[in-house]
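Descriptive structure summary
Given next are the chains, with one letter for each unit.
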Amino acid sequence: MKKIVDLISKESLNKNERLELLDELYWLDWSKLRDSFPDIFNKIFVFLRNDTFNEEEISLIQKLYNNPEGAYVEEFSSIIIKLYKEDKIKFFKALHLNPEEGDALAYLFRNNRIFNADTELDEILNTGDLTDDEILTTKAFFRTYENLCNT
């Protein structure tokens, strides 16, 4: 927890520190942080809600939806949906870095009725901004989403 407190307390973080912070958040005891350092706890969510992230960082944030504690799922849901709406291509490039997160995120999208799968997939694929492998990941996500919607 000390590492997280030290990192989030810095005025600005370099690329490696940002990645380290986001990776450490997955393993964090959120309740303990909230009880011990409420200002730091709030600062983390401000950072997650208001910063601009690259694909690697988004990939680490996507993992937070499945954090081991299961706490704060609503917060992470909101952040992940925001990231998707801000840049769909970047979102799927990030998902491609950890495609195993796709199943859980498909549940999140289904539960929140984020999009119409038919038109959304075509729109994303028609940009031409995804590699062939990223397209496979994106299609797998939409297949999972559609299967969830049909059950």
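In what follows, the structure referred to is the one given above.
Residues numbered from 1 in each chain as written. Predicted model: local features only at pLDDT ≥ 70, side-chain atom pairs only at ≥ 80, totals over all residues. Heavy atoms only, no water.

1. Structural notes on unusual backbone geometry
Generally, phi is negative for residues other than glycine and the peptide bonds are trans, each holding for most cases. Rule in force here: Segments assigned H or I by DSSP are reported as helices when at least four residues long, segments assigned E as strands when at least two residues long, and all are numbered from the N terminus. Classification of residues uses two cut-offs on accessible area relative to the type maximum, computed with a 1.4 Å probe and protein chains only: under 20% is buried, over 50% is exposed, and between them is partly exposed.
In this structure, Arg113 takes a positive phi of about 45° despite not being glycine. Inspection of the secondary structure puts Arg113 in the loop between helix H8 (102–112) and helix H9 (117–125). Judged by relative accessible area, Arg113 falls into the exposed class, the value being 60%.

2. Observations regarding the packing of helix H5 (residues 55–64) against helix H7 (residues 88–97)
Convention followed: With axes taken as lines fitted to C-alpha atoms, and helix axes fitted only over the stretch in contact, angles between N-to-C directions fall between 0 and 180 degrees. If an angle is under 35 degrees, it is roughly parallel; if it is over 145, roughly antiparallel; if it lies from 65 to 115, roughly perpendicular; otherwise it is oblique. Take the far helix as your reference; a near helix turned counterclockwise from it by less than a right angle gives a left-handed crossing, and one turned clockwise gives a right-handed crossing. Residues count as neighbours in contact if any of their non-hydrogen atoms are within 4.5 Å of one another.
The contact between H5 and H7 brings their axes to 8 Å, and the two run at 70°. Compared by their axis directions, H5 and H7 come out roughly perpendicular. The interaxial crossing formed by H5 with H7 has right-handed handedness. Between H5, through Glu55, Glu56, Ile58, Ser59 and Gln62, and H7, the contact on the second element is made entirely by Lys90, Phe91, Lys93, Ala94, Leu95 and Leu97.

3. Focus: H8
Restricting attention to buried positions, one finds in H8 the residues Gly102, Ala104, Leu105, Ala106, Leu108 and Phe109. Looking at the buried positions of H8, the neighbouring elements they touch are H5, helix H6 (73–86), H7 and helix H10 (132–149). Backbone geometry just after H8 places Arg113 at a positive phi near 45°.

4. Observations concerning the packing of aromatic side chains
Quick reminder of the rule: Here a Phe, Tyr or Trp ring, Trp counted by its six-membered ring, pairs with any other such ring whose centre lies within 6.5 Å, and the pair is stacked when the planes are under 30 degrees apart, edge-to-face when over 60, and tilted otherwise. In our convention, an over-ring charge means Lys NZ or Arg CZ found within 6 Å of a ring centre and within 35 degrees of that ring's normal.
Inspection of the entire model under this criterion finds 24 aromatic pairs. For the pair Tyr26 and Trp27, a centre-to-centre distance of 4.6 Å together with 85° between the ring planes defines the contact as edge-to-face. With a relative accessible area of 17%, Tyr26 lands in the buried category. In this structure Trp27 comes out as exposed when scored by relative accessible area, which is 62%. A network of ring pairs unites the aromatic residues Tyr84, Phe91, Phe92, Phe109, Phe115, Phe141, Phe142 and Tyr145 as a single cluster. Lys63 extends its terminal NZ or CZ atom over the ring of Tyr26, reaching a point 5.2 Å from the ring centre.

5. Some details on the pattern of salt bridges
Convention followed: One side-chain nitrogen of Lys or Arg within 4 Å of one carboxyl oxygen of Asp or Glu is enough to make a salt bridge.
Under the criterion given, the structure shown has 12 salt bridges. With its nearest N and O atoms 2.8 Å apart, the salt bridge here joins Lys2 to Asp6. On the criterion of helical spacing, the pair formed by Lys2 and Asp6 is a turn pair, its members being 4 residues apart in helix H1 (residues 2–9). In this structure Lys2 comes out as exposed when scored by relative accessible area, which is 61%. On the basis of relative accessibility, which here comes to 39%, the residue Asp6 falls in the partly exposed class. Salt-bridge contacts for Arg34 lead to Asp35; the nearest nitrogen and oxygen are separated by 3.2 Å. Using a relative accessible area of 35% as the deciding quantity, one classes Arg34 as partly exposed.

Honestly, that's just the spatial picture; any functional story needs more than this.
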